[in-house]
Structure formats: C-alpha cells, structure tokens
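Chain residues, written in single-letter form:
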Amino acid sequence: DYENDTFLKDGKPFRYIAGSLHYSRVPAYYWKDRLLKMRAAGLNVVQTYVPWNFHNPFPGVYRFEGDYNVVEFIQTAQNVGLLVILRAGPYVCGEWEMG
C-alpha cells in the first residue's frame, strides 16, 4: 500500500520479518530443521535465490531432485509457517560462482 507506506497481505497491513536461507547451500535433509529455527527466531518469511546454474549445470542437463528440489524447499517452508520470497535467476549475487 504505497499511500500508507505498508505492505498488505490479504488486504490487511502486514509486517514481514525475513531471513535468507539458500537451499542450494544446505543439504535437503537439514531444510526443515533450519526453517524451524528461523520460525522460532520470530521470522515469518524466508527468502532464497534460485541459481539457475545449480539446476542446469550443462546444456540439456536439468536437476530438480533431492538437494535440487526447490519445490520441496518451498513446501517445507510453507509447512513450518513461513512465506517465501523467491529470487529467481538466472543471475544471482550471493557470492555464487558465475552468478
């Protein structure tokens, strides 16, 4: 809501408190644990990059299983009560090789 200098969620003022967790740097086994810790710390949003070269390392090769399963990461965040800000590539900053 630009007029009132506030974010709205479902038409109501909403204050988001976010932190970053780069799923591409954390094994999938630990995602839920890390997300629960973020929630316990009072965060209500997790933001994450989607580094395209993580999922598409070579022409014609695409990885979206296991540690590469961004959909599972988003669903896990939702299951622990976090909203997600998805920062899609192809270029990402975040000290990631080849951006």
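To be clear, the structure that these remarks concern was listed above.
Residues numbered from 1 in each chain as written. Predicted model: local features only at pLDDT ≥ 70, side-chain atom pairs only at ≥ 80, totals over all residues. Heavy atoms only, no water.

## A closer look at the overall build of the protein
Operational definition: Helix and strand definitions follow DSSP, with helices as H or I runs of at least four residues and strands as E runs of at least two, each counted in order from the N terminus. Burial classes: relative accessible area under 20% of the type maximum marks a residue as buried, over 50% as exposed, and values in between as partly exposed (1.4 Å probe, protein chains only). By the convention used here, residues are in contact when the closest approach between their heavy atoms is within 4.5 Å. Counting rule for charge: Lys and Arg are taken as positive, Asp and Glu as negative, and neither His nor the chain ends is counted. For this purpose, a charge sits on NZ of Lys, CZ of Arg, CG of Asp or CD of Glu.
When you go through the protein residue by residue, the secondary structure sums to three helices and five strands. Each helix and strand of the protein, ordered N terminal to C terminal, gives the series β-β-β-α-β-α-α-β. Across the 99 residues that make up the protein, the buried fraction comes to 32%. Put simply, 70% of the contacts in the protein that link residues at least 6 apart link residues at least 24 apart. Put simply, the protein has 10 plus and 10 minus side-chain charges, and the middle of one group is 7 Å from the middle of the other.

## Brief notes about the environment of V61
Looking at the secondary structure, you find V61 in the loop between helix 2 (52-55) and helix 3 (70-79). Aside from chain neighbours lying at most four places away, what touches V61 is H55 and N56.

## With respect to the pairing of strand 4 (residues 45-50)
How we decide: Here a strand pair is declared whenever DSSP counts at least two bridges between the two strands. Look down the strands so they point away from you; if the path from the first strand over the helix to the second goes clockwise, the crossover is right-handed.
Burial runs high along strand 4: six of the six residues are buried. Burial of the side chains of strand 4 extends over both faces: V45, Q47 and Y49 are buried on one face and V46, T48 and V50 on the other. One ladder, built from three bridges, connects strand 3 (residues 18-20) with strand 4; its direction is parallel. Counterpart to S20 in the pairing with strand 4 is Q47. With helix 1 (residues 31-40) bridging strand 3 and its parallel neighbour strand 4, the resulting β-α-β unit is right-handed. Two strands pair when backbone bridges link them, and strand 4 and strand 5 (residues 83-88) are joined in this way by six bridges, in the parallel orientation. Of the residues in strand 5, the one forming a bridge with Q47 is I85.

## Focus: the sheet that holds strand 4
Cut-off, in case you're wondering: A fitted line through C-alpha atoms represents every axis, and for helices the fit uses only the stretch in contact; the resulting angles, taken between N-to-C directions, go from 0 to 180 degrees.
The strand order across the open sheet built from three strands is 3-4-5, with neighbouring strands paired in parallel fashion. Looking at the sheet topology across the chains shown, the edges are occupied by strand 3 and strand 5. Within the sheet, the average angular offset between the axes of one strand and its neighbour, ignoring direction, is 25°.

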